[in-house]
Amino acid sequence: ECVSGCVCPEGLFDDGKGGCVEEEDCPCIHNNQLYSPREKITVDCNTCTCQKGSWSCTQDVCYGTCMIYGSGHYITFDGKFYDFDGSCEYVATQDFCGDKNSSSSFSIITENVPCGTTGVTCSKAIKMFLGKTELKLENKDYKEIQRDTGDDVRYLNRTVGLYLVIEASNGVMLIWDKKTTVFIKLTPDYKGKLCGLCGNFDDKSNNDFTTRNGLLETNALKFGNSWKQSSMCPDVTQEVKPCDVKPHRKSWAEKECSIIRSEVFKICHSKVDPAPFYEACVHDACSCDSGGDCECFCSAVAAYAQECTKAQACVFWRTPDICPIFCDYYN
């Protein structure tokens, strides 16, 4: 943005606000906002400093995060957003991907079951295999099963607010809201060594749909079907559109979910595109028709709020009327 020209005298630069400044006083731009020289911002796990009109950033390699939430919404480690609604057990992510050098140190399986009467599915249980330990997270609690083979992988579990957090010594962390939202966080050592519904964590989202056979797929349903654990489960052949099945719920869903596009989240809109989260919210609010209507809506909005927080846009969206949390209880 800082260009010498006829606007300013020789040697000075337009500062974007109608003034002329020396080169070292040039501001920087990020998400359409101006930042002063030497001002710092955080992008992912790196710090960027404004210098002479451009950003100079630290080069740390960051944790990868995959999110699974609501009725079959996935955001892969590389940021690909897609929907897959299957009723079966699926490999969310694992580090054994068929090449001869890879050894299996963990895998995470998500068990999807129908939620509501429209045919959509939600993640009901999660299985986490760490060496010879199997953890099953279900019904707001988890249990440990010891198997005969495998390495010893230590892990810690703790409750943080709404979430159960399991942190393993091999660099795998799982965060679960005890309902339908799961975050899988991995250290950078796993880059490019993963497979499953969460993609391969190689910083490229265009090859995330790699099937169990190692083929690159363009269709989310064919990709998802390849990662089912049991061949007895039926393949998913078409995308469920719950708002078409329950049209009377559609206007309620759109009205509730409009909070994602509203002023409340304004500071986040330029950092995280609200469109896919809004669509996912309407989908979930239409589909959860057997109790827990608001729970599905709240999980969908919380997923957007979480991405906003990651992008340094902290939004206080919960109110006594909208998805309240009783902080004194969770504290």
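Everything here concerns the structure above.
Residues numbered from 1 in each chain as written. Predicted model: local features only at pLDDT ≥ 70, side-chain atom pairs only at ≥ 80, totals over all residues. Heavy atoms only, no water.

Asks: Could you give me a rundown of the packing of aromatic side chains, with the residues and numbers involved?
Replies: One pass over the full model with this rule turns up 12 aromatic pairs. Ring centres 5.1 Å apart and planes at 10 degrees place the aromatic pair Y74 and Y82 in the stacked group. Here the two residues Y74 and Y82 agree in accessibility, since each one is buried. Consider the rings of Y163 and F183, whose centres lie 6.2 Å apart with planes at 65 degrees: the pair is edge-to-face. Taken as a pair, Y163 in strand β17 (residues 163-168) and F183 in strand β19 (residues 182-186) lie far apart in primary sequence, 20 residues in all. Note on Y163: relative accessible area 22%, which makes it partly exposed. You can call F183 buried: its relative accessible area is 6%. Connected via pairs of aromatic rings, a cluster forms that spans Y74, Y82, F209 and F223. The ring of F209 carries K80 above its face, with NZ or CZ at 4.7 Å from the centroid. Taking NZ or CZ as reference, R261 lies 3.8 Å from the ring centre of Y278, over its face. (Phe/Tyr/Trp six-rings, centres within 6.5 Å; stacked < 30°, edge-to-face > 60°. Buried < 20%, exposed > 50% of the residue type's maximum accessible area, 1.4 Å probe, protein only. Helix = DSSP H or I, 4+ residues; strand = E, 2+ residues; numbered from the N terminus. Lys NZ or Arg CZ within 6 Å of the ring centre and 35° of its normal.)

Asks: Tell me about the sheet that holds strand β6 (residues 46-51), and name the residues and values.
Replies: Overall, antiparallel pairing links the 3 strands, which are arranged β5-β6-β7 in an open sheet. Each edge of the open sheet carries a strand with a single partner, namely β5 (40-43) and β7 (54-57). Geometrically, the sheet is characterised by an average inter-axis angle of 35 degrees between neighbouring strands, direction not taken into account. Looking at chain direction, β5 and β6 are connected through 4 bridges and run antiparallel. Looking at the pairing, V43 lines up with N46 of β6. (Pairing = 2+ DSSP bridges. Axes fitted to C-alpha atoms, helices over the stretch in contact; angles between N-to-C directions.)

Asks: Describe the layout of surface pockets, listing the residues and the values that go with them.
Replies: Reported here for the second largest pocket is a volume of approximately 650 Å³. What lines the second largest pocket is a set of 26 residues, and nearest its centre among them are K179, C298, R318, C323 and P324. Sorting elements by how many residues they give to the lining of the second largest pocket places helix α6 (residues 293-310) first, with 7 residues. Taken together, the residues that form the lining of the second largest pocket break down as 15 nonpolar, 2 polar and 9 charged. Both domains that meet at the lining of the second largest pocket, namely domain 2 (64-226) and domain 3 (242-311), each give it at least three residues. (1 Å grid on protein atoms, 1.4 Å probe; cavity = no way out; pocket = protein on both sides within 12 Å on 5 of 7 lines; lining within 4 Å. Points joined across faces, edges and corners; volume = space filled by probe spheres on them. Nonpolar A, V, L, I, M, F, W, Y, C, P; charged D, E, K, R; others polar. Domains from an automatic or database assignment.)

Asks: I'd love a proper account of the sheet that holds strand β11 (residues 89-94), names of residues and values included.
Replies: With antiparallel pairing, the 5 strands of this open sheet are ordered in space as β11-β12-β13-β14-β15. A single partner strand is all that each edge strand has here, and the edge strands are β11 and β15 (141-146). Within the sheet, the average angular offset between the axes of one strand and its neighbour, ignoring direction, is 25 degrees.

Asks: Mind laying out unusual backbone geometry, listing which residues take part and the relevant values?
Replies: Backbone phi values are negative for most residues with the exception of glycine, while trans is the configuration of most peptide bonds. Although it is not a glycine, R38 adopts a positive phi angle of roughly 70 degrees. A positive phi angle, near 50 degrees, is found at K52, a position not held by glycine. By the element assignment, K52 lies in the loop between β6 and β7.

Asks: Go over helix α5 (residues 275-287), please, and point to the residues and values.
Replies: Here α5 spans 19 Å end to end across 13 residues, near enough to the 18 Å set by a 1.5 Å rise per residue. Taking burial as the measure, the 13 residues of α5 include 10 buried ones, the bulk of the element. Three or more residues of α5 are buried, namely F277, Y278, A280, C281, V282, H283, D284, A285, C286 and S287. (Expected span 1.5 Å × (residues − 1).)

Asks: Please give an account of a negative patch on the surface that cites residues and values.
Replies: A surface patch of like charges, here negative, comprises E22, E23, E24 and D25. A relative accessible area of 33% places D25 in the partly exposed class. (Patch = residues over 30% accessible without salt bridge, like charges linked within 9 Å, V, L, I, M, F, W, Y side chains within 5 Å. Areas by Shrake-Rupley, 256 points an atom, 1.4 Å probe, with all protein chains shown as cover. Salt bridge = Lys/Arg side-chain N within 4 Å of Asp/Glu carboxyl O. Lys, Arg positive; Asp, Glu negative; His and termini not counted. Charge placed at Lys NZ, Arg CZ, Asp CG, Glu CD.)

Asks: Which residues make up the pattern of salt bridges, and what are the values?
Replies: Taken as a whole and judged by the stated rule, the model has 10 salt bridges. Its salt-bridge partner being K127, residue E89 comes within 2.8 Å of it at the nearest N-O pair. With a gap of 38 residues between them, E89 in strand β11 and K127 in strand β13 (residues 121-130) connect regions that are remote in the sequence. Since its relative accessible area comes to 22%, E89 is described here as partly exposed.

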